[in-house]
Amino acid sequence: VTALPVRTLKEFPAFDYGIFGEGERTLLDLVTAIDTGKGEIKKIKGLVFRVGQDIVQNQEREPIENLDELPFPAWHLFPRSPRYHMITARGCPFQCIFCMRAHGSKLRQRSADDVVSEIEQIITKFKPRRIEISDETFGADRRRVFRILDLMIEKELNKKIRWGVSTRVDMVDYHLLTRMKEAGCSTIAYGIESGNPEILKMTKKNITLDRAKKTVKLTKSSGIKVEAFFLIGLPFETRETVTDTINFAVRLNPDVLYLGIVTPFPKTEIYEMARRGMGNYRLLSEDWDDYGKHVGNALELRHLPRKQLEMFQSLGYLKMYLYNLRIKGLLKFLYQYRKGILKFLRKYLMAYVFKQEKSERRREDGKSSNSLSHL
């Protein structure tokens, strides 16, 4: 709804209202207006709504500058979980072509004290095993990050919880990784995207393969597990560049590999390229059920049909585990993602059956034509 406010309401008539952008204040204003009957809906910023057969989109709401003003999430309203998610900053200043940046391009950060207070509250009240910090780029402000780590160690939270983050390969070094490990960090996810330098440059990620290789090695030596994210099907991708990506991922041998197929999410540069047929793209669908990085059917390249991309994807996962002799890891992967794998296999089985039925119909039509010709 943030990417396509009006279109969302057009396509999904069950919705009366949509909130685009940051929702905390918009939702509060909307609920108050409906509950009290006071206040005009048309003046609420960040809201799209219906008026009879029409859809009205209000003015965009300004981002929240001081994130410390927001209360902590009301986790007590949900069942307890062994894993909790939190966000310490919003916005991403980088310009990767496959990312929408739903929180904007300006980085806004919570204070270190506020972040650590929330971690303390989660540990005290819910006693989870793990916290996932879901910032788009953790560690953009080194001074603030070190303050968070120092507070966690000082309060001995590192003895009570393990946590993980996502960040860039060019934002960490030995000193930071060592401190993160001491503060209880057990996993770092890196977006590396491609194993081909020219394709990587085209993504506007602004990292190098050499830096990715050094950072992954350094992270492993620090005792922190590595999750690596790659994409195949980037603009002008070929079989050779996809093979480069798979081979690079295999050589890195991360603890967890995510090998996705490029998905043209709305409001991304990739989406606009696909709509215009640029980058050798062919947009296959705007049915949002098809917009998955593993099981989907949204996009292909002229010289790399969707089925070939999916076969490369399967090959990449198998090669990573088998080449590095990680048989236990492969079995764990197959079990963990069994539902997605079954869905994937079902898709191919249905395609095979459809193809066989089509061939059978052609044969029958051919027999009928021959019979008529003979008569």
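What you see is a predicted model, and the numbers here were worked out from it, not measured in a lab.

(A) Spotlight on the pattern of salt bridges. Enumeration over the complete set of coordinates arrives at 30 salt bridges. Taking the shortest distance from any N to any O, the salt bridge between Glu62 and Lys45 comes out at 2.7 Å. Within this pair, whereas Glu62 is found in the loop between strand S3 (54-57) and strand S4 (83-86), its partner Lys45 is found in the loop between helix H2 (24-36) and strand S2 (47-51), the two being separated by 17 residues in sequence. Taking relative accessible area as the criterion, Glu62 reaches 45% and is therefore assigned partly exposed. Salt-bridge contacts for Lys201 lead to Glu198; the nearest nitrogen and oxygen are separated by 4.0 Å. Taken together, the residues span about one helical turn, with Lys201 and Glu198 both in helix H6 (residues 197-202) at a distance of three residues. Salt bridges sharing common partners tie together Glu22, Glu24, Arg90 and Arg108.

(B) Region of the structure containing the side chain of Thr8. As for its position among the elements, Thr8 is in helix H1 (residues 5-11). At 2.5 Å, the side chain of Thr8 and the backbone oxygen of Leu4 are in polar contact.

(C) Focus on the environment of Arg162. Summarising the element assignment, Arg162 is placed in strand S8 (residues 162-167). As for Arg162 and Arg83, which are separated by 79 residues in sequence, their C-alpha atoms are 9.8 Å apart. Dropping the residues within four chain positions of it, Arg162 is found in contact with Arg129, Arg130, Ile131, Gly184 and Ser186. One polar contact links the side chain of Arg162 to the main-chain carbonyl oxygen of Asn158, over a distance of 2.7 Å.

(D) Inspection of the sheet that holds S3 at higher detail. If you walk across this open sheet you meet the three strands as S1-S2-S3, and the pairing is antiparallel. A single partner strand is all that each edge strand has here, and the edge strands are strand S1 (17-19) and S3. Direction aside, the axes of adjacent strands within the sheet are offset by 20° on average. Bridge count for S1 against S2 is three bridges, and the pairing is antiparallel. By the bridge assignment for S2, Tyr17 is matched with Phe49. Strands in contact with H2 are S1 and S2; relative to S1, the strand with the most contacts, it is inclined by about 155°.

(E) A look at the nonpolar core. Ranked by size, the top nonpolar core spans 73 residues in total, and within it Met152, Trp163, Met180, Ile192 and Phe230 carry the most contacts. One finds Leu30, Ile44, Leu47 and Phe49 within the second-largest nonpolar core, a separate group that totals five residues.

(F) A look at helix H11 (residues 327-336). All buried positions along H11 are accounted for by Gly329, Leu330 and Phe333. For H11, the buried positions fall inside an angular range of 100° around the axis, keeping them on one side. In H11, the exposed residues that point more than 90 degrees away from the buried face are Lys328, Leu331, Lys332 and Tyr335.

(G) Inspection of the packing of aromatic side chains at higher detail. On inspection of all chains with the given rule, the structure shows eight aromatic pairs. The structure contains a cluster of three or more aromatic residues connected by ring pairs, namely Trp75, Phe78, Tyr84 and Phe126. We note Arg168 situated over the ring of Phe94; from NZ or CZ to the ring centre the distance is 3.8 Å.

(H) Here's a closer look at the pairing of strand S10 (residues 225-232). Where strand S9 (residues 185-193) meets S10, six bridges bridge the pair, whose relative direction is parallel. In the sheet register, Tyr190 faces S10, and the bridge partner there is Ala228. Two strands pair when backbone bridges link them, and S10 and strand S11 (residues 256-261) are joined in this way by six bridges, in the parallel orientation. Along S11, the bridge assignment pairs Leu231 with Gly260. Running through helix H8 (residues 239-252), the crossover from S10 to the neighbouring parallel element S11 is right-handed.

(I) A look at the sheet that holds strand S7 (residues 130-133). With parallel pairing, the six strands of this open sheet are ordered in space as S4-S7-S8-S9-S10-S11. Whereas interior strands pair on both sides, the edge strands pair on one side only; in this sheet they are S4 and S11. When the angles between neighbouring strand axes are averaged without regard to direction, this sheet yields 20°. Contacts from helix H10 (residues 306-323) reach S10 and S11, with the element oriented near 175° to S11.

About the criteria used
- Residue indices begin from 1 for each chain and proceed along its sequence in written order.
- The model is predicted, so local features are restricted to residues of pLDDT at least 70 and side-chain atom pairs to those at 80 or more, both for listing and for counting; the totals for chains, interfaces and linings are taken over all residues.
- Side-chain numbers come from the whole structure's heavy atoms, not from hydrogens or water.
- A carboxyl oxygen of Asp or Glu within 4 Å of a side-chain nitrogen of Lys or Arg is what we treat as a salt bridge.
- Helical segments are the DSSP runs of H or I of at least four residues, strand segments are the runs of E of at least two, and each set is numbered from the N terminus.
- Buried, partly exposed and exposed residues are distinguished by accessible area as a fraction of the type maximum, computed with a 1.4 Å probe on protein chains only: under 20%, between the cut-offs, and over 50%, respectively.
- Pairing of N or O atoms within 3.5 Å defines a polar contact, subject to two protein rules: one partner must be a possible hydrogen donor and the other a possible acceptor, and residues neighboring in sequence count only if both atoms are side-chain atoms.
- Any two residues whose heavy atoms approach within 4.5 Å are treated as being in contact.
- Pairing between two strands is assigned when DSSP locates at least 2 bridges connecting them.
- Helix axes are fitted only over the stretch in contact, all axes being lines through C-alpha atoms; the angle between N-to-C directions runs from 0 to 180 degrees.
- Joining through side-chain atoms within 4.5 Å is the link that ties buried Ala, Val, Leu, Ile, Met, Phe, Trp, Tyr and Cys residues into a set, and such a set is a nonpolar core.
- Read the arc as the range of directions from the helix axis to the C-beta atoms.
- Two aromatic rings, drawn from Phe, Tyr or Trp (for Trp, its six-membered ring), form a pair once their centres lie within 6.5 Å of each other, and the interplanar angle then sorts them: stacked below 30 degrees, edge-to-face above 60, tilted otherwise.
- A positively charged side chain is recorded as over a ring if its NZ (Lys) or CZ (Arg) lies within 6 Å of the ring centre. The angle to the ring normal must also be within 35 degrees.
- Orient the strands so they point away from the viewer; a crossover is then right-handed if the path from the first strand over the helix to the second runs clockwise.

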